[in-house]
Amino acid sequence: RRIFDSGKAYKKFMEIIKAQGGREIDPDTMRLGKYTFDYFSPKTGHITHIDNNIINRICRISGAPLDIRAGMYLYINKGKYVRTGDKLYTLYSESKERLQFAKEYVSEKSGVEID
């Protein structure tokens, strides 16, 4: 948390983006996709696993990385205790259709395991 709050994590992230040919962006000026979908916990328990492959697939269906406004905001991490109805993540997309496809995928595979 200390490294994150100090800005060192952001600085390192920007170094990685630049090394891959990307450009630095100001997160405060980023606009998120106008279409959103919130995914809520279907049960009470601890987050035991977050499947990065499934999360990646959900984001790609939403339009990322080509649509720079598409993606996901995770409100959770492994080990966190959640209750039924807690918000686990929000999906963003500029395409209503892509977001609908992502929602259908999430209904089959959410990418989050709770026990």
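Higher on the page you've got the structure.
Computed from a predicted model, the values in this text were never measured in an experiment.

The rules we used
- Residues numbered from 1 in each chain as written.
- Predicted model: local features only at pLDDT ≥ 70, side-chain atom pairs only at ≥ 80, totals over all residues.
- Heavy atoms only, no water.
- Salt bridge = Lys/Arg side-chain N within 4 Å of Asp/Glu carboxyl O.
- Helix = DSSP H or I, 4+ residues; strand = E, 2+ residues; numbered from the N terminus.
- Buried < 20%, exposed > 50% of the residue type's maximum accessible area, 1.4 Å probe, protein only.

## As for the pattern of salt bridges
Inference 1: Counted under the stated rule, the structure contains four salt bridges.
Inference 2: Of the charged contacts in the structure, one is a salt bridge between Glu15 and Lys12, with a shortest N-O distance of 3.0 Å. With a gap of three residues between them, Glu15 and Lys12 both fall in helix α2 (residues 8-19), about one helical turn apart.
Inference 3: Owing to a relative accessible area of 47%, Lys12 belongs among the partly exposed residues under this scheme.
Inference 4: A salt bridge links Lys87 to Asp38; its shortest N-O distance comes to 3.7 Å. Taken as a pair, Lys87 in strand β5 (residues 87-93) and Asp38 in strand β1 (residues 35-40) lie far apart in primary sequence, 49 residues in all.
Inference 5: Overall, Lys87 belongs to the partly exposed group, its relative accessible area being 35%.
Inference 6: The exposure class of Asp38 is partly exposed, given its relative accessible area of 27%.

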